[in-house]
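# Analysis of the macromolecular model
In case you want the letters, here they are:
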Amino acid sequence: RFNGALRAKSPGRGKPEQMLVRRLIPLLRHPAIVPRVYVALALGRLGAHEAMPAIVEMIREGYAFSDSVALASGKHFEQSQNVRWRGFLCLALGRLGGDDARRALEEFAADPKQSRDIRYSAVLGLGFIGSPDSLPVLEHVATDDIIWLVRDEARQVARDIELTKL
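Bear in mind the structure is a predicted one, so any value in this text is a computation, not a measurement.

On a plain count of helices and strands, the chain comes out with nine helices and zero strands. Secondary structure elements of the chain occur, N-terminal to C-terminal, as α-α-α-α-α-α-α-α-α. Expressed as a percentage of the 166 residues in the chain, the buried residues total 41%. Taking as baseline every contact in the chain between residues at least 6 positions apart, the subset at least 24 positions apart corresponds to 61%.

Have a look at this one:
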């Protein structure tokens, strides 16, 4: 949580968390990757549902390079050919929770055109949410995804959700 200094409320400006969220959302487009990741995760932990459209849009943009390319230029900036950071956005959606986030993550997890880090992280995000409504998608991913790690994680998340239903 925030310390007392951040909790102090300025008249007419809203809750400190809301003010912080409004300032963080534009930083999702920071030129460097690391701040984007931390901002997305912070927004998820804050439960900033107003950030969801921006996060989903960024995931849908995908990478500017193919999944099979692994060049190492511009490691921390947009021209990177091997830094896969959009999966962290899926983790943020999982932390946000709710039906809209769940449906978006199910879409990303089941889409074979998404890169492997997005599919894997979408499965992890579905695990954070833990909804039995995700079981059909997770079971599909567990059997059909081309990447064994994604399949295995989908199997584990589905099993964990099944156990919570007991």
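The next subject is the side chain of R36. If you trace the backbone, R36 turns up in helix α3 (residues 33–46). Here P31 takes part through its backbone oxygen, which lies 3.5 Å from a polar atom of the side chain of R36.

In this structure the tally under the stated criterion is zero aromatic pairs. A cation sits over an aromatic face here: R86 above Y63, 5.5 Å from the ring centre. A cation over a ring is seen here: R95 above F128, with NZ or CZ 3.8 Å from the ring centre.

Let us now look at the pattern of salt bridges. Under the counting rule described, the total for this entry stands at eleven salt bridges. We note a salt bridge from R103 to D100, for which the minimum N-O separation is 2.7 Å. Here the residue R103 and the residue D100 both occupy positions in helix α6 (residues 99–110), the gap between them amounting to three residues, near one helical turn. We classify R103 as partly exposed; its relative accessible area is 43%. By relative accessible area, D100 is classed as partly exposed at 47%.

Moving on to helix α4 (residues 52–61). Residues M52, I55, V56, M58 and I59 constitute the buried set of α4. The buried side chains of α4 occupy one side of the element, clustering within an arc of 160° when seen end-on. Contacts from the buried residues of α4 go to α3, α5 (87–96), α6 and α7 (116–129).

For the rest of this paragraph, the subject is the environment of L41. For L41, the position within the fold is in helix α3. For L41, a relative accessible area of 26% gives the class partly exposed. C-alpha of L41 to C-alpha of L91: the two residues are 50 residues apart in sequence and 7.2 Å apart in space. Each residue touching L41, except ones within four places of it in the same chain, is listed here: F88, L91 and A92.

With that settled, the discussion passes to the confidence of the model for the chain. Looking at the chain as a whole, the pLDDT averages 85, with 80% of positions reaching at least 70. Low pLDDT, under 50, characterises residues 1–12; the predicted model gives this stretch ten contacts beyond four residues in sequence or across chains.

With 41 residues, the main nonpolar core has I55, L93 and F108 as its most contacted residues. If you list the elements that add at least two residues to this core, you get α2 (16–24), α3, α4, α5, α6, α7, α8 (135–144) and α9 (148–165). Discounting residues that sit within four places of it in the chain, F108 has contacts with V56, I59, R60, C90, L93, Q114, I118, R119 and A122.

Conventions used here
- Residues numbered from 1 in each chain as written.
- Predicted model: local features only at pLDDT ≥ 70, side-chain atom pairs only at ≥ 80, totals over all residues.
- Heavy atoms only, no water.
- Helix = DSSP H or I, 4+ residues; strand = E, 2+ residues; numbered from the N terminus.
- Buried < 20%, exposed > 50% of the residue type's maximum accessible area, 1.4 Å probe, protein only.
- Contact = heavy atoms within 4.5 Å.
- Polar contact = N/O pair within 3.5 Å; in protein donor to acceptor, adjacent residues only side chain to side chain.
- Phe/Tyr/Trp six-rings, centres within 6.5 Å; stacked < 30°, edge-to-face > 60°.
- Lys NZ or Arg CZ within 6 Å of the ring centre and 35° of its normal.
- Salt bridge = Lys/Arg side-chain N within 4 Å of Asp/Glu carboxyl O.
- Arc of directions from axis to C-beta.
- pLDDT = per-residue confidence, 0-100.
- Core = buried A, V, L, I, M, F, W, Y, C linked by side-chain atoms within 4.5 Å.

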